[in-house]
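# Descriptive structure summary
Listed below, chain by chain, are the residues.
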Amino acid sequence: MANFVLKGHICQSLDERHLGIRENHYLVCLENRCAGVYPILPTKYRGLPMTDYGDRLIIPGMTDLHLHAPQFSFRGLGMDMELLDWLNTNTFPEETKYADLDYARTAYSQFVAHLRRSETTRACIFATVHVPATQLLMELMEQSGLVSYVGKVNMNRNAPLYLAEPSTIASVRNTRLWLEETAGKWQRTKPILTPRFIPSCTDDLMYRLADLRAEFDVPVQSHLSENYSEIAWVKELVPTARNYGDAYRKFGLFGGDHRCIMAHCVHSDTLEMEYMRQNGVFIAHSPESNMNLASGVAPIKKFLDYGLKVGLATDVAGGSQESMFRAMTHAIQASKLRWRLQDQSVAPLTFDMVFYLATRGGGAFFGDVGAFDPGYEFDAVVLDDSNLDHPQPLSVRERLERTAYLGDDRNIYAKYVAGTKLF
Ligand code: GUN
Ligand code: FE
């Protein structure tokens, strides 16, 4: 259990609308959790080891609430297509390669190395349908020191024969095998049930997955209301559902008695929002992906005002980069275009709001995570912005805003996850 003190400019989200900045303060970690932020170090902590980060900024670690590890290899490719074409052309052929463990080891090692270097401290990750490669990814994630949920993907229809699981029975059997192998095996890495999306999973598979979910008491992640052609297809596939979210709800895979993340929600209507609120579903807002795949822009300010739980995500490789700072920038830019071009009733996002989404918002999926409140898990990232020249004086807040907006991983100086220093 780590006990230590960091000193620097402490920047964190106070709530959805406000950043809190404490210049030249002490941040105390006791038994891997935050004990407090102080202008003068209390006497009782004076014996602890201290690292003085001087003029650098210290922020909470960021949670990437949705990304695809096997897609990291083709980030930046096929970005002139829409979702369903991109899945068939780029995604499914690449994901097939993870049947080969040697390929998976090379590709996943590259993915994990990048994530470890980034401002992300926690992540909810899709793997592929393959059990051995998913377990390998989980081992690599555990070794990285990051905290994550990783999902073996389920898909037993509407995928090429070379990738789809051949039957419901095979998909359930593989998933059970994987859960038995991985549930409770690691400290930082946990399994999460991952039906890819409704078009990939037959009704009977979804019901069986809900049983497995309850048996192993694991959370759920999937995709929801991302793209017009996808939503129209789901209407055909589950005609009895009142909307896309209601389809998951009927199958018992939409929160309520379990934690659940739905990526995108670009086109969720009021009824779908209501179902998400009632069931405590987390929305993973993936702005770059939603632009790249011509999905649209989710009304995030409206979701926040409605009381929904929202975090931020890169959705690699719908999004081209693993940087949560870039995701924050994209969230602001996308919200402004939405407001200007589509709907003046939903205000654009501010910097304070996207910082909240990237820290407290998504962190809440992991419990007390995403801030330096007493008792919160000690995830911290130290930023060094000394290479960002400026002739004029800048406040600490302005320095944070600029460092994040420019989103360059060379500014990431040190990183702590759950009290452990990674670099
Ligand atoms: N919907 C189903 N699968 C995917 C995927 O891999 N990426 C995105 N963005 N949407 C999906
Ligand atoms: Fe996705």
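Our subject is the structure that appears above.
Not measured: the values here are computed from a predicted model. (Residues numbered from 1 in each chain as written. Chains lettered and ligands numbered in written order. Predicted model: local features only at pLDDT ≥ 70, side-chain atom pairs only at ≥ 80, totals over all residues. Heavy atoms only, no water.)

### A short note on the coordination of the iron ion (ligand 2)
Around the iron ion (ligand 2), the donor atoms from the protein are His66 (NE2), His68 (NE2), His223 (NE2) and Asp315 (OD), and they sit 2.0 to 2.3 Å away. Around the iron ion (ligand 2) sit four donor atoms, and with donor-metal-donor angles ranging over 87 to 171° the site reads as irregular. Along the chain, the residues donating to the iron ion (ligand 2) fall in the pattern H-x1-H-x154-H-x91-D. Remark: Asp315 occurs in the loop between β14 (309-312) and α11 (324-341) and His68 occurs in strand β5 (residues 62-68); sequence separation between them is 247 residues. (Donors = N, O, S within 2.8 Å, 3.2 Å for Na, K, Ca; no water. Tetrahedral: all angles 85-135°; square planar, octahedral: opposite > 155°, others 65-115°. Helix = DSSP H or I, 4+ residues; strand = E, 2+ residues; numbered from the N terminus.)

### A few points about the side chain of His330
With respect to the helices and strands, the residue His330 is situated in helix α11. Ignoring any residue separated from it by four or fewer positions in sequence, one finds His330 in contact with Pro287, Glu288 and Met291. (Contact = heavy atoms within 4.5 Å.)

### Considering the sheet that holds strand β9 (residues 189-191)
With parallel pairing, four strands are arranged side by side in an open sheet as β5-β6-β7-β9. Where the open sheet ends on each side, the last strands, each with one partner, are β5 and β9. Within this sheet the neighbouring strands show an average axis-to-axis angle of 20°, counted without direction. (Pairing = 2+ DSSP bridges. Axes fitted to C-alpha atoms, helices over the stretch in contact; angles between N-to-C directions.)

### Examining the pairing of strand β15 (residues 380-383)
Here β15 shows two buried faces, one formed by Ala380 and Val382 and the other by Val381 and Leu383. The pairing of strand β4 (residues 50-60) with β15 spans four bridges and is antiparallel. Across the sheet, residue Ile59 finds its bridge partner in β15, namely Val381. Two elements, β15 and strand β16 (residues 412-417), share four bridges in a ladder whose sense is antiparallel. By the bridge assignment, Val381 is partnered in β16 with Lys415. (Buried < 20%, exposed > 50% of the residue type's maximum accessible area, 1.4 Å probe, protein only.)

### As for the site of ligand 1
Close to ligand 1 lie 13 residues; His68, Gln71, Arg196, Glu226 and Asp315 are nearest. Contact distances for ligand 1 include 2.8 Å between a nitrogen atom and a side-chain N or O atom of Glu226. A distance of 2.8 Å separates a nitrogen atom of ligand 1 from a polar atom in the side chain of Asp315. When isolated, ligand 1 has an accessible area of 280 Å², and the protein chains bury 100% of it. When residues in the shell around ligand 1 are grouped by element, the largest group, three residues, is from helix α1 (residues 83-96). Partitioning the shell around ligand 1 into residue classes produces five nonpolar, five polar and three charged. (Near = heavy atom within 4 Å. Polar contact = N/O pair within 3.5 Å; in protein donor to acceptor, adjacent residues only side chain to side chain. Areas by Shrake-Rupley, 256 points an atom, 1.4 Å probe, with all protein chains shown as cover. Nonpolar A, V, L, I, M, F, W, Y, C, P; charged D, E, K, R; others polar.)

Scope: geometric values only; no functional claims are made or implied.
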